[in-house]
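What follows is the residue order along each chain.
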Amino acid sequence: EEEEPNERKTPLYILSQILAVRETVEENPLKEKCSELANVTLKFLLHAADISNPAKKNKLLVYWADRALAEFFDQGDREVELGIPISPLCDRRTVKRADSQIGFLKFVIRPTYALLGEILPRVKEEVIPIIDRNINYWTREKSRMSLITLTQHPAMGNAMMRAADFEKQNSDIGEEQEEEEEH
């Protein structure tokens, strides 16, 4: 059966092709490899679906981030009650909402969907841009929360401003030293 050259291949289509090859192969090791590839592919697709909330548009992104963090914080509260160490991302006193989402998007979601985009180009075209927008959203949210903190705690804001000025002066000095070394 002839395929259209531009036909988009769905994950199920890809799996069916792998399984079809497996059924036509007489040689046992190749048959096992096809089965293994089908299983790994299916597990990867299920994992991608399971963690897909940060790859959705903003309203759902924020809703599910808040739900996940609430669940993590409940777990952390229970761990405190039990006197055991608090699991990563479960301490409501130290976890910052935007930072946790930026990290998850950059180090888990984007690489997962970039790989999926290599298998299914439509993911690269449609989902990766949403993920990049979501990283930008949380980065802006982090900045916004920092400004709110500065306005609520003027003494901290003043100290941070002095630290930023000091850092700027030192970076200017460093740049001047580099320029002198070049000449």
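The coordinates are above.
The structure presented is a predicted model; accordingly, all values stated were derived computationally and were not measured. Residue numbers here run from 1 along each chain, matching the order of that chain's written sequence. Given that this is a predicted model, residues contribute local features only at a pLDDT of at least 70 and side-chain atom pairs are listed and counted only at 80 or more, while totals for whole chains, interfaces and linings are drawn from all residues. By convention in this description, side-chain values take in all heavy atoms of the structure and omit both hydrogens and water.

1. Regarding the packing of aromatic side chains
Inference 1: Paired rings are identified among Phe, Tyr and Trp, the last through its six-membered ring, by centres lying within 6.5 Å, and are further divided according to the angle between planes into stacked (under 30 degrees), edge-to-face (over 60) and tilted (the rest). Overall, the coordinates contain two aromatic pairs when judged by the stated rule.
Inference 2: Seen from their ring centres, Tyr 63 and Trp 64 are 5.0 Å apart, and the 85° between their planes marks the pair as edge-to-face.
Inference 3: Relative accessibility thresholds used throughout: buried, under 20% of the residue-type maximum; exposed, over 50%; partly exposed, between the two (1.4 Å probe, protein chains only). Overall, Trp 64 belongs to the partly exposed group, its relative accessible area being 34%.
Inference 4: Judged by centre distance (5.0 Å) and plane angle (75°), the rings of Tyr 137 and Trp 138 are edge-to-face. Both residues of the pair, Tyr 137 and Trp 138, belong to the buried class.

2. Some details on helix α3 (residues 58-82)
Inference 1: The first and last C-alpha atoms of α3 sit 36 Å apart over 25 residues, in line with the 36 Å expected at 1.5 Å per residue.
Inference 2: Elements are defined by DSSP. Helices are runs of H or I of four residues or more, strands are runs of E of two residues or more, and each kind is numbered from the N terminus. Of all the positions in α3, only Leu 61, Val 62, Ala 65, Leu 69, Phe 73, Gly 76 and Glu 79 are classed as buried.
Inference 3: When checking whether two residues touch, look at their non-hydrogen atoms; a contact exists if any pair is within 4.5 Å. Where the residues of α3 are buried, they touch α4 (97-119) and α5 (121-152).
Inference 4: Positive backbone phi, approximately 75°, marks Gly 83, located one or two places after α3. A helix's residues, less one, multiplied by 1.5 Å, set its expected span.

3. Section: a nonpolar patch on the surface
Inference 1: Patch building starts from residues that exceed 30% relative accessible area and form no salt bridge, then joins like charges within 9 Å and nonpolar side chains (Val, Leu, Ile, Met, Phe, Trp, Tyr) within 5 Å. Accessible surface is estimated by sampling points in the Shrake-Rupley manner with a 1.4 Å probe; for residues, cover comes only from the protein chains shown. Put simply, a salt bridge is a Lys or Arg side-chain nitrogen that is within 4 Å of an Asp or Glu carboxyl oxygen. Taken together, the side chains of Leu 60, Tyr 63 and Trp 64 present a nonpolar region at the surface, about 290 Å² in accessible area.
Inference 2: Note that Tyr 63 resides in helix α3.
Inference 3: Assessed through its relative accessible area of 40%, Tyr 63 is described here as partly exposed.

4. A few points about the side chain of Glu 141
Inference 1: You can see Glu 141 is positioned in helix α5.
Inference 2: The exposure class assigned to Glu 141 is buried, which follows from its relative accessible area of 8%.
Inference 3: In this structure Glu 141 touches Arg 97 and Ala 98, once residues within four positions along its chain are discounted.

5. Thoughts on the pattern of salt bridges
Inference 1: If you walk through the whole model with that rule in mind, you get eleven salt bridges.
Inference 2: Linking Asp 99 and Lys 142 is a salt bridge whose minimum nitrogen-to-oxygen distance equals 3.0 Å. With Asp 99 in helix α4 and Lys 142 in helix α5, this pair connects stretches of sequence that are 43 residues apart.
Inference 3: Via salt bridges that share partners, Asp 66, Arg 97, Glu 141 and Arg 144 belong to a single interconnected network.

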